[in-house]
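Descriptive analysis of the structure
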Amino acid sequence: MKCLTVELGERSYPIWIGPGVRQKLADLLQQAGIAPGRKLFVVTDQNIAPLYLEDTVQLLTEGGYAVHHFIVPAGEEAKSLAIYEQIMTEALTIGLDRKSAFLALGGGVVGDLTGFAAATYMRGVAFVQVPTTLLAHDSSVGGKVAVNHPLGKNIIGAFHQPKLVAYDTNALTTLPPREVASGFAEVIKHGLIWDASFVTWLEENADGLQAFDHELLQAALLRACSVKVAVVSQDEREQGLRAILNLGHTFGHAFEALTGYKGINHGEAVAIGMVAAARLAERLGLAENISERTVRVLRQYRLPVALPVPLDVDEMLDVMRRDKKGEGGKLVFVLPTAIGKVDIYKNIEEEPVRAVLAELYEGGEA
Ligand code: ADP
Ligand code: ZN
């Protein structure tokens, strides 16, 4: 079991990673300043509850906490104001106070929703993340929490850092294969933006990682989280550097939006987006020979590297201009300059982007 610390002054917190971390949850909570006797509100979803809720509740109860739980539907739809309101109602009904803590047991959806509830309940109470997906290594670090509005994803949100992240690699073995691949997309992203040697390591250990070798998984999550931690520690509120975490995301968000958030999941969209970013960088002369290797490593992790359905280039450009990272309708991209290095480009011409998008459909020209 390994520990990383997110250094944010008085909001600093530990991330514990390894097989069996959940068994130590009560101790870890106590270490994080959440004393036994306090009320804990565990939020999870319908898929995770039958797998991990009962033993989690039991462990925490044995640790001396007064545990309540709430199960939300699985899937992005749970990140709604309606479900948020249900959580508030339940929290009030069971008498949670300012000293109580919310605990998210689940993936990105449960984490974002529970975190936003914790950020706003009585103007903010303690929040703990117990991620159960690989993708959540990304969303559980950094303090961004939100629910969706029908007109936009993650529009109603806050920055609310957890007191603790407890990442049990044992809980990842039940993930559906597609969710595993999707999670690896963000792991690979953390290599591509920051650490070429991590990319090489991911290439070398692709088989072991996908076979859930716990030592390798722990090492991969530790390195990927370290990148995120380094970036977030320097730029908690996304004033500058933090934007590099968006490699592949301006493209990816457009793919997700135009397929109605169905058919392509987040990691898959980011994977295709990272291929597009590499090709755009090459086209603009910012980098050489990176798209081939990007494609290769993504394929090793069974990720798509081209759009599975044709999308309209003008519509994609429209969505990308509206992306909330965009400034004044210009096209803003995080682009690789080498494997392991990226930069932010704020004024990209439309034509090369168009050319890259036009060649991105797998049924189209290669
Ligand atoms: P993320 O955004 O981190 O991928 P989600 O919350 O969207 O996470 O979860 C993805 C899907 O996987 C959901 O259907 C969720 O219920 C399911 N899920 C999450 N964790 C596990 C797990 N450990 N085992 C099986 N299914 C899981
Ligand atoms: Zn992402």
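Quick caveat: nothing in here was measured; it's all calculated off a predicted structure. (Residues numbered from 1 in each chain as written. Chains lettered and ligands numbered in written order. Predicted model: local features only at pLDDT ≥ 70, side-chain atom pairs only at ≥ 80, totals over all residues. Heavy atoms only, no water.)

1. Quick notes on the coordination of the zinc ion (ligand 2)
Every protein donor of the zinc ion (ligand 2) is listed here as E186 (OE), H249 (NE2) and H266 (NE2), and their distances to the metal cover 1.9 to 2.1 Å. Each donor residue of the zinc ion (ligand 2) lies on one chain, and together they are spaced E-x62-H-x16-H. Placement of the pair is H249 in helix α10 (residues 249-258) and H266 in helix α11 (residues 266-283), with a sequence separation of 17 residues. The two residues H249 and H266 agree in class, both being buried. (Donors = N, O, S within 2.8 Å, 3.2 Å for Na, K, Ca; no water. Helix = DSSP H or I, 4+ residues; strand = E, 2+ residues; numbered from the N terminus. Buried < 20%, exposed > 50% of the residue type's maximum accessible area, 1.4 Å probe, protein only.)

2. Regarding the pairing of strand β3 (residues 39-45)
Judged by how many residues are buried, β3 sits mostly within the fold: 6 of 7 residues are covered. Where β3 and strand β4 (residues 66-72) come together, 7 bridges link them in parallel fashion. Pairing of V43 across the sheet is with F70, part of β4. A crossover connection joins β3 to the parallel β4 through helix α2 (residues 49-62); in handedness this β-α-β unit is right-handed. Bridging between β3 and strand β5 (residues 101-106) involves 5 bridges; their strand directions are parallel. When the sheet's bridge partners are listed, V42 is paired in β5 with L103. (Pairing = 2+ DSSP bridges. Right-handed = clockwise from strand over helix to strand, strands pointing away.)

3. Quick word on the UniProt feature "binding site: Zn(2+)" (unreviewed entry) in the protein
Here the UniProt-annotated "binding site: Zn(2+)" (unreviewed entry) positions come out as E186, H249 and H266. A maximum C-alpha distance of 10.3 Å places the annotated residues, which cover 81 residues in sequence, within one compact spot. Residues from the named set that contribute to the lining of the second largest cavity are H249. Inspection of the secondary structure assignment puts E186 in helix α6 (residues 177-194). (UniProt positions renumbered as here; feature names shortened; annotations may be inferred. 1 Å grid on protein atoms, 1.4 Å probe; cavity = no way out; pocket = protein on both sides within 12 Å on 5 of 7 lines; lining within 4 Å.)

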